[in-house]
Amino acid sequence: MAVWDDLVGQARVEEQLAAAARDADALVTAHAAGEPAPEASKMTHAWLFTGPPGSGRATAARAFAAALQCVSPDRAMGGVPGCGFCDGCHTTLVGTHADVEIVRTDLLSIGVKETRELVRRAQLSPAGGRWQVIVLEDADRLTEGAGNVLLKAIEEPAPRTVWLLCAPSIEDVLPTIRSRCRLLTLRTPPVEAVADVLIRRDGIEPEAAHAAARATQGHIDRARRLATDERARARRAVVLKLPLRVGDIGGCLKAAQELVDAAAEDAKQVAEEVDVKETEDMKAALGAAQGGRMPRGTAGVMKDLEDRQKRRRTRTQRDSLDLALTDLTGFYRDVLALQLRSRSPIANADVRDALERIARDSAPERTLRRIEAILACRDALDRNVAPLLAVEAMTMALRD
């Protein structure tokens, strides 16, 4: 299986990356033979992958990283780098390649300290003789200071270092950074393509696969989770009932509280799964005595760990709320489609009765205002407004 097989509905991007991987391989081959580098090349030292959630930005970046590290002997006979089977491809895709650093964060931002570590790593020569690759999956979470640190590294790149940045849009990255990157824009995969992946690779029944792909509007990871996780289906069902529960002020406040509580419960479950083991591992690494007593001088390290875990819980809660708001936006998008008699397919066909009821009882202008209220809630959460206040304001606006 070639590394590009994980890209769903991105034929144009795949073609561009494959061409760049071929040119990158030619550069490495020429360097090893002591020959001059080819004059025309589609390879460059910095790339920016953008696209809506679920489009596969990080998947594309990791596939390209694997192709850059491909050592398949077929390359000498004209084969395209990125076989998916050689040691270079395999170790990159599983995250163990010595020259590939894949950076993703479960926190709200990436700071200066972490970015400086990446920049120092980027200055190293590749251990395997090919490329030093840094995949930054959350480039949109760089603080302003971290972005300035990264800019310096991209302006003066090491000869064999490649930066692969991922962000939802070019506006999420500093203009000075994006102007120095080659831009690749991914699209939302077609529903049929996502359903086909779920059937072929995950063994999901066709009916369930198509329903999940439609409900998530082409978001591959969410579709897979919805088709395989009963809890995800239950949470979505609760969210899609919310439009019918905001008929009065009491219903609005209660629905908002339940939505925030559900997100907090998700964060708590993640904490229970991760935080305890992480804390125990840290204590063992610091040489805690039996009974839990910590050596002197380690209190600061444990405090840093607790702060990190707290920030991660905040991020988890916010991500859970954002997922609920995405489902809610999809609901009202379907309402608008019914009101305008659009030929666009309905994403939430399993709650069609509720959609038709809301569509009959309101006008398209009111539906648009409701969608704007949801988007305003997402913006408020991004600005660190207290979740309950933001969601209560939204549910009150949905009532109007």
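Shown above is the structure to which this text applies.
Owing to the predicted nature of the structure, the values given are computational and were not obtained by experimental measurement. For every chain, the first residue of the written sequence is number 1, and numbering continues from 1 along that sequence. Predicted model: local features are reported for residues with pLDDT of at least 70 only, side-chain atom pairs are reported and counted for 80 or more only, and whole-chain, interface and lining totals are derived from all residues. For side-chain calculations, the full set of non-hydrogen atoms in the structure is used, while hydrogens and water are omitted.

A. Local environment of the overall build of the protein. A tally of regular secondary structure across the protein gives 15 helices and 5 strands. Both definitions apply: the radius of gyration is a C-alpha atom measure, and the globule rule equals 2.2 Å times residues to the power 0.38. Computed over the C-alpha atoms, the radius of gyration of the protein is 24 Å, within 12% of the 21 Å expected from 2.2 N^0.38 for a compact globule of 400 residues. Viewed in the frame of its principal axes, the protein has a C-alpha envelope of about 75 × 60 × 40 Å. Here the protein holds 400 residues, and the buried ones make up 44% of them. In this description, contact between two residues means that some pair of their heavy atoms is separated by no more than 4.5 Å. For the protein, the share of sequence-separated contacts (at least 6 apart) that also reach a separation of at least 24 residues comes to 70%. Charge counting follows a simple rule: Lys and Arg are positive, Asp and Glu are negative, and His as well as the terminal groups are ignored. Where a charge lies is defined by one atom per residue type: Lys uses NZ, Arg uses CZ, Asp uses CG and Glu uses CD. Within the protein, one finds 57 positive and 59 negative side-chain charges whose respective centroids are separated by 2 Å. Starting at the N terminus, helices and strands are each numbered in turn, a helix being any DSSP run of H or I of at least four residues and a strand any DSSP run of E of at least two. Using a 1.4 Å probe on the protein chains alone, a residue whose accessible area is under 20% of its type maximum counts as buried, one over 50% counts as exposed, and one in between counts as partly exposed.

B. Quick peek at the state of the cysteines. The criterion for a disulfide is a pair of cysteine sulfur atoms lying within 2.5 Å. Going through the model one piece at a time under the given rule, you end up with 0 disulfides. Of all cysteine sulfurs in the structure, the one in Cys 377 sits closest to Cys 252, which takes part in no disulfide; the separation is 13 Å. Relative accessible area serves as the criterion here: at 0%, Cys 252 is assigned to the buried category.

C. Molecular detail of the environment of Glu 101. Note on placement: Glu 101 falls in strand E2 (residues 100-103). Through-space distance from the C-alpha of Glu 101 to that of Asp 304 is 23 Å; in sequence the pair is 203 residues apart. Excluding residues within four positions of it along the chain, Glu 101 makes contact with Leu 118, Arg 121, Val 133, Ile 134 and Val 135.

D. Fine view of the pattern of salt bridges. The working definition used for a salt bridge is a side-chain nitrogen of Lys or Arg within 4 Å of a carboxyl oxygen of Asp or Glu. Summed over all chains, the structure comprises 18 salt bridges. Close ionic contact of Glu 156 with Lys 152 constitutes a salt bridge, the shortest N to O distance being 3.4 Å. Taking the shortest distance from any N to any O, the salt bridge between Arg 222 and Asp 327 comes out at 2.4 Å. Remark: Asp 327 occurs in helix H12 (residues 299-339) and Arg 222 occurs in helix H9 (residues 220-228); sequence separation between them is 105 residues. Each of the two residues, Arg 222 as well as Asp 327, counts as buried.

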